[in-house]
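An overview of the molecular structure
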Amino acid sequence: MRVEIKKDQSVSSAYVEIHCRDVTKEVARLKVYISNYKTGIEACADDETHIVELGEILYIESVDKRTFIYTEKKVFSTDKRLYELEELLEDRGFFRCSKSVIMNLSKVVKLKPEITRNILATLANGEVIVVSRRYAMELKRLIGIGD
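Residues numbered from 1 in each chain as written. Predicted model: local features only at pLDDT ≥ 70, side-chain atom pairs only at ≥ 80, totals over all residues. Heavy atoms only, no water.

**Some remarks on the overall build of the protein**
Here is the rule we go by: In this text, helices come from DSSP runs of H or I with a minimum length of four residues, and strands from runs of E with a minimum of two, each type numbered from the N-terminal end. Throughout this description, buried means an accessible area under 20% of the type-specific maximum (1.4 Å probe, protein chains only), exposed means over 50%, and partly exposed covers the range between. In this description, contact between two residues means that some pair of their heavy atoms is separated by no more than 4.5 Å. Calculation of accessible area relied on Shrake-Rupley with a 1.4 Å probe; when residues are assessed, cover is drawn exclusively from the protein chains displayed.
Scanning the protein from N- to C-terminus turns up three helices and 10 strands. Helices and strands appear in the protein in the N-to-C order α-β-β-β-β-β-α-β-β-β-β-β-α. Projecting the C-alpha coordinates of the protein onto the three principal axes gives extents of approximately 55 × 45 × 25 Å. Counting over 147 residues, the protein shows a buried share of 30%. For the protein, the proportion of contacts with a sequence separation of at least 24, taken over those separated by at least 6, is 38%. Surface summary for the protein: the accessible area is close to 11,100 Å², and the carbon and sulfur share equals 48%.

Next comes the structure, spelled out in structure tokens:
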């Protein structure tokens, strides 16, 4: 893959174009990665409001009607409901893996099928997330593996 940066004084803000013969999985993942760069969700931690960059998020979980955003370094809370975040994160490399969890697919390092038809997803920080069997087939379709 060739990468170029071209300076153009007539351009008011930076933009990225991807030129390819076919839109492969690698190209699609690159688009998602670029789209998520410096994009974030407003959330709170330590009585302060933060913008949590999408690329830093490991997963988002809803517990007792509260929504938490987990990164490698911190846990944030947000007023947004899980379904609102699911809509916001659509086509951005995130996946609803259970009734209460959305995970960042780019942070998954290992998948392990269970006899119950659930899938255990190990994230970059070593944490394991359960992909319920209801969502397992969709995950397999998304990442391109057979049954």
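**Some remarks on helix 3 (residues 133–143)**
Given 3.6 residues to a turn, an α-helix orients residues that are three or four positions apart in the same direction. The following threshold applies: Throughout, the arc means the angular range of directions from the helix axis out to the C-beta atoms.
Inspection of helix 3 places Tyr-135, Ala-136, Leu-139 and Lys-140 among the buried residues, and these make up the whole buried set. Looking down the long axis of helix 3, one finds its buried residues gathered within 150 degrees of arc, a one-sided arrangement. Exposed and oriented more than 90 degrees from the buried face of helix 3 are Arg-134 and Arg-141. Where the residues of helix 3 are buried, they touch strand 6 (94–98), strand 7 (101–104), strand 8 (108–113), strand 9 (119–123) and strand 10 (128–131). Where helix 3 ends, the next residue or the one after it, Gly-144, has phi of about 80 degrees, a positive value.

**Some remarks on the sheet that holds strand 8**
As a general point, the strands of a sheet are linked pairwise by backbone hydrogen bonds and lie either parallel or antiparallel. Applicable threshold: Pairing between strands is defined by DSSP: at least two bridges between them are needed. Structural elements are reduced to axes, namely lines fitted to C-alpha atoms, with helices fitted over the stretch in contact, and the angle between N-to-C directions of any two is expressed from 0 to 180 degrees.
Strand order in the open sheet formed by three strands is 8-9-10, with antiparallel pairing between adjacent strands. Two strands lie at the open edges of the sheet, namely strand 8 and strand 10, each paired on one side alone. Mean inter-strand twist for the sheet, computed between neighbouring axes without regard to direction, equals 25 degrees. Pairing analysis gives five bridges linking strand 8 to strand 9, with the strands arranged antiparallel. For Lys-112, the partnering residue across the bridge sits in strand 9 and is Leu-120. The strands touched by helix 3 within the sheet are strand 8, strand 9 and strand 10, with strand 10 carrying the most contacts at an inclination of about 105 degrees.

**So, the pairing of strand 2 (residues 48–53)**
Pairing of strand 1 (residues 40–45) with strand 2, which is carried by six bridges, proceeds in the antiparallel orientation. Bridge pairing links Ala-45 to Glu-48 in strand 2.

**Points about the nonpolar core**
Rule in force here: We call a set of buried residues a nonpolar core when its members are Ala, Val, Leu, Ile, Met, Phe, Trp, Tyr or Cys and they connect through side-chain atoms within 4.5 Å of each other.
Counting 16 residues, the largest nonpolar core has Tyr-59, Phe-95, Cys-97, Met-103, Ile-129, Val-131 and Leu-139 as its most contacted members. Elements with a minimum of two residues in this core: strand 3 (57–63), strand 4 (66–71), strand 6, strand 7, strand 9, strand 10 and helix 3. When sequence neighbours within four positions are dropped, the list of residues in contact with Phe-95 reads Val-101, Ile-102, Met-103, Leu-105, Val-131, Tyr-135, Glu-138, Leu-139 and Leu-142. Counting residues in hydrophobic clusters, the runner-up holds 14 residues, among them Ile-41, Ile-60, Phe-94 and Ile-102.

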